[in-house]
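In case you want the letters, here they are:
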Amino acid sequence: MVEQRADGDEQAFVAVRDACKVYDDGPRHVTALHHVDLEVPRGRFVSVIGPSGCGKSTLLRLVAGLEEPDSGEVRICGRTPAHAAERKMVGFVPQTPALLPWLDVLGNVRVLEKVNRAARRRGPEPSRAAPERCDLAGDPVALLRRLGLGEVLHRRPGQLSGGMQQRTAIARAFALQPQVLLMDEPFSALDEFTREAAQLQLLDVWQELRTTVVFVTHSITEAVLLSDTVVVMAAGPGRVAGTVDVLLDRPRRSGLLDSAALHEHEHRVRELLSSAWHAGAGAGR
Amino acid sequence: MSLQPRAPRPRPAAARARTWAAALHPRVWSPTLVALAVAAAVWSWVARRSPYVLPAPGSVVEQLAGDPGLYLVNAWATLSEALLGLAAGAAAAFAVAVAVSESVLLRRAVMPLAVVLNVTPVVAIAPALVVAFGFGILPKVVVAALTTFFPVLMNTATGLRSVPREVLQVFRTVHASRWDVLVRLRFPSALPFVFAALRVVFPLSLVGAIVAEFSAAGATAGLGTIIKVAAANSQLDRVFASIGCLALMGALLLLVVTTVERRVLSWHSSQAR
Ligand SMILES: Nc1ncnc2c1ncn2[C@@H]1O[C@H](COP(=O)(O)OP(=O)(O)OP(=O)(O)O)[C@@H](O)[C@H]1O
Ligand SMILES: [Mg+2]
């Protein structure tokens, strides 16, 4: 039954249904997520955007299986996050690069290969063997070259710029050949120029691998540029305020950043954000 | 996309040669030399004025040159006690640190005992150990091990816990086993802490060995015995010849640790130059 759902899950490859999460913060209770629903179809790039503290990272941690929801459920390809982790179906890119300083770039990208080797034996992976994925997917070096790290394969993280470190972290996640890639503001610490370059390199790799992505960001432009759907969240308590489908052609290139179509989408996201903000201010504060 | 050449390894031979050349530059060694000369001058001056405070440097050198065999044999005795103690103490501390970092239960059971052990002065324990283990090498090794144990335990335990949360999260999302986390994350993360402890403890183990020798003076070999007996007979040149040997041994031990550390921790910021 599980397998059947795994095949017929075009509707919701990643599904969060009615999830609530409350933190005990000393005497206060902080409602990080309040009845949140999220559905991500396979092969889509979905961004989650919202003000600081609205529960974006919490949502991502639930999907990654790092935390459990208090109520509601999370499914990845019909499986619980714990099962998905056992099968190495999830790639996670945290807000800091989280590289191992004693390994070089290539070593960092390969280290996850070496842990939980049993994952490959734990059952068939429906989409892992898709034919068009071959050249980048199985080859960390090719992946790193495509992300502009071909020159620094044997450097340690301490010898890299922030942008290079963050791209290494992304390569590490892609190298797992995950079913779902979760990224928590991977570019937020980069300056504007470095960030744009990193975004375009990510788009380039994604264009080829078409991994299902949930991408948390603070930047409206980044959300629109990268994704198929932008999920707008509101704070206090954290909830989904609405979604914007991004109808821009792929592959997307840097020229798009100045286009009217992009600005039009940015405008719609911004409107959603601000109306959610005012609704929240009227109701809660 | 063309095949790019491998980036060079961090420290090729040329760079090493340059480092050596830099180390030989007068700017590097001349301040040390001047300080040594000043110290020697002050020493001779004091020695001439009050020979019961400091022996003349010349007489110390004579003493060493007159019977090098005596000092070599006894230095070796002390050094081997210290090294055996180091090995035993550090190994035990490492094992306990791993156990304690993996199990809260063990942490609660063991850590208070370790702290009590640490606050008890080794000088006070040493005579009891001599009574318990006799005049052989064993009590010295035990005291040296005791001086080593606690710093290594505390630092290693801290180091094993120093893996950043986000790195642990990445490993959890691929369902890494505890063993993988221990070996691939915790051990390497602990290394800088372990070396920081070793830098303290390598010279300190000599102190442990000497203290134990004092407690059984006369009955055993070792520089501690020589010092104790010579001091009782007011043979200051002998005392200082032994002290000189100890200082040299301590410096050598420290050199060994820092050299190994430089190799092993080349990735760590503490080794940046
Ligand atoms: N471990 C925790 N303990 C207590 N409260 C927490 C914890 N984690 C998150 N919170 C609270 O939950 C809310 C949502 O946090 P979360 O980190 O998910 O927000 P975010 O949208 O990712 O914010 P940012 O954009 O600043 O990263 C915040 O109010 C935060 O204070
Ligand atoms: Mg966050």
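Values in this document were obtained by computation on a predicted structure and should not be read as measured data. (Residues numbered from 1 in each chain as written. Chains lettered and ligands numbered in written order. Predicted model: local features only at pLDDT ≥ 70, side-chain atom pairs only at ≥ 80, totals over all residues. Heavy atoms only, no water.)

1. Examining the overall build of chain A
Inference 1: Scanning chain A for helices and strands turns up 10 helices and 9 strands.
Inference 2: Taking the contacts inside chain A whose residues are at least 6 apart along the sequence as the reference set, 73% of them involve residues at least 24 apart. (Helix = DSSP H or I, 4+ residues; strand = E, 2+ residues; numbered from the N terminus. Contact = heavy atoms within 4.5 Å.)

2. What to know about the sheet that holds strand β4 (residues 71-76) of chain A
Residue and element names in this part refer to chain A.
Inference 1: With antiparallel pairing, 3 strands are arranged side by side in an open sheet as β2-β1-β4. Among the strands making up the open sheet, the edge pair consists of β2 (28-40) and β4. The mean angle between the axes of side-by-side strands here comes to 30°, regardless of whether they run parallel or antiparallel.
Inference 2: Pairing of strand β1 (residues 14-25) with β4 involves 5 bridges; the strand directions are antiparallel. When the sheet's bridge partners are listed, Arg17 is paired in β4 with Glu73.
Inference 3: Against the sheet, helix α2 (residues 56-64) makes contact with β1, β2 and β4, and its axis sits at roughly 120° relative to β1, the strand it touches most. (Pairing = 2+ DSSP bridges. Axes fitted to C-alpha atoms, helices over the stretch in contact; angles between N-to-C directions.)

3. Overview of the nonpolar core
Across soluble globular proteins, nonpolar side chains have a tendency to be buried as a group.
Inference 1: Membership of the largest hydrophobic core comes to 90 residues, with the highest contact counts inside it found for Ile76, Leu112 and Leu182 of chain A together with Phe171 and Leu223 of chain B.
Inference 2: Ranked by residue count, the leading element in this core is helix α9 (residues 178-215) of chain B, at 13 residues.
Inference 3: Once you skip the residues sitting within four places of it in the chain, Leu112 of chain A turns out to touch Lys88, Arg172 and Leu176 of chain A together with Val170, Phe171 and Val174 of chain B.
Inference 4: Listed in part, the 51 residues of the second largest apolar core include Leu99, Leu106, Val232 and Leu256 of chain A. (Core = buried A, V, L, I, M, F, W, Y, C linked by side-chain atoms within 4.5 Å. Buried < 20%, exposed > 50% of the residue type's maximum accessible area, 1.4 Å probe, protein only.)

4. Remarks on the pairing of β2 of chain A
Residue and element names in this part refer to chain A.
Inference 1: Bridging between β1 and β2 involves 9 bridges; their strand directions are antiparallel. Paired with Val16 across the bridge in β2 is Leu38.
Inference 2: Where β1 folds back on β2, the antiparallel hairpin that results is connected by 2 residues, among which Gly26 adopts a positive phi of roughly 65°.

5. Examining the packing of aromatic side chains
Inference 1: Taken as a whole and assessed by the stated rule, the structure comprises 6 aromatic pairs over all chains.
Inference 2: For the ring pair Trp102 of chain A and Trp267 of chain B, a centre distance of 5.4 Å and an interplane angle of 65° mean the geometry is edge-to-face. Of this pair, Trp102 of chain A sits in the loop between β5 (90-93) and α4 (105-114) while Trp267 of chain B sits in the segment after α11 (236-264), on two different chains. Accessibility classification places Trp102 of chain A together with Trp267 of chain B in one group, the buried group.
Inference 3: Aromatic side chains Phe187 of chain A and Phe215 of chain A sit 6.1 Å apart centroid to centroid with 50° between the ring planes, which places their arrangement in the tilted category. Of this pair, Phe187 of chain A sits in the loop between β6 (180-184) and α8 (192-209) while Phe215 of chain A is found in strand β7 (residues 212-217), placing the two residues 28 residues apart along the sequence.
Inference 4: On the basis of relative accessibility, which here comes to 0%, the residue Phe215 of chain A falls in the buried class.
Inference 5: Through a chain of ring-to-ring contacts, three or more aromatic side chains come together here, namely Phe45, Phe187, Trp206 and Phe215 of chain A. (Phe/Tyr/Trp six-rings, centres within 6.5 Å; stacked < 30°, edge-to-face > 60°.)

6. Considering the sheet that holds strand β9 (residues 239-245) of chain A
All names here are of chain A.
Inference 1: Across the sheet, 6 strands lie side by side as β5-β6-β7-β3-β8-β9; this open sheet has mixed pairing. Whereas interior strands pair on both sides, the edge strands pair on one side only; in this sheet they are β5 and β9. Across the sheet, the mean angle from the axis of one strand to that of its neighbour is 15°, orientation sign disregarded.
Inference 2: Alignment of β5 against β6, held across 4 bridges, turns out to be parallel. Pairing of Val93 across the sheet is with Met183, part of β6.

7. Regarding the site of ligand 1
All names here are of chain A.
Inference 1: Surrounding ligand 1, one finds 13 residues, the nearest of these being Ser52, Gly53, Lys56, Ser57 and Thr58.
Inference 2: Take Gly53: an N or O atom from its main chain is 2.8 Å from an oxygen atom of ligand 1.
Inference 3: Between Arg61 and ligand 1, the recorded distance is 3.5 Å, taken from a side-chain N or O atom to a nitrogen atom.
Inference 4: Contact with the protein chains covers 67% of the free accessible surface of ligand 1, which is 630 Å².
Inference 5: Looking at the shell around ligand 1, the elements that each hand over two or more residues are β2 and α2. (Near = heavy atom within 4 Å. Polar contact = N/O pair within 3.5 Å; in protein donor to acceptor, adjacent residues only side chain to side chain. Areas by Shrake-Rupley, 256 points an atom, 1.4 Å probe, with all protein chains shown as cover.)

8. Overview of a negative patch on the surface
Residue and element names in this part refer to chain A.
Inference 1: There is a patch of like negative charges on the surface, built from Asp191, Glu192, Glu196 and Asp258.
Inference 2: Take Asp258: it is sitting in the loop between β9 and α10 (260-283).
Inference 3: Judged by its relative accessible area of 65%, Asp258 is exposed. (Patch = residues over 30% accessible without salt bridge, like charges linked within 9 Å, V, L, I, M, F, W, Y side chains within 5 Å. Salt bridge = Lys/Arg side-chain N within 4 Å of Asp/Glu carboxyl O. Lys, Arg positive; Asp, Glu negative; His and termini not counted. Charge placed at Lys NZ, Arg CZ, Asp CG, Glu CD.)

So yeah, pure geometry; function would need other evidence.
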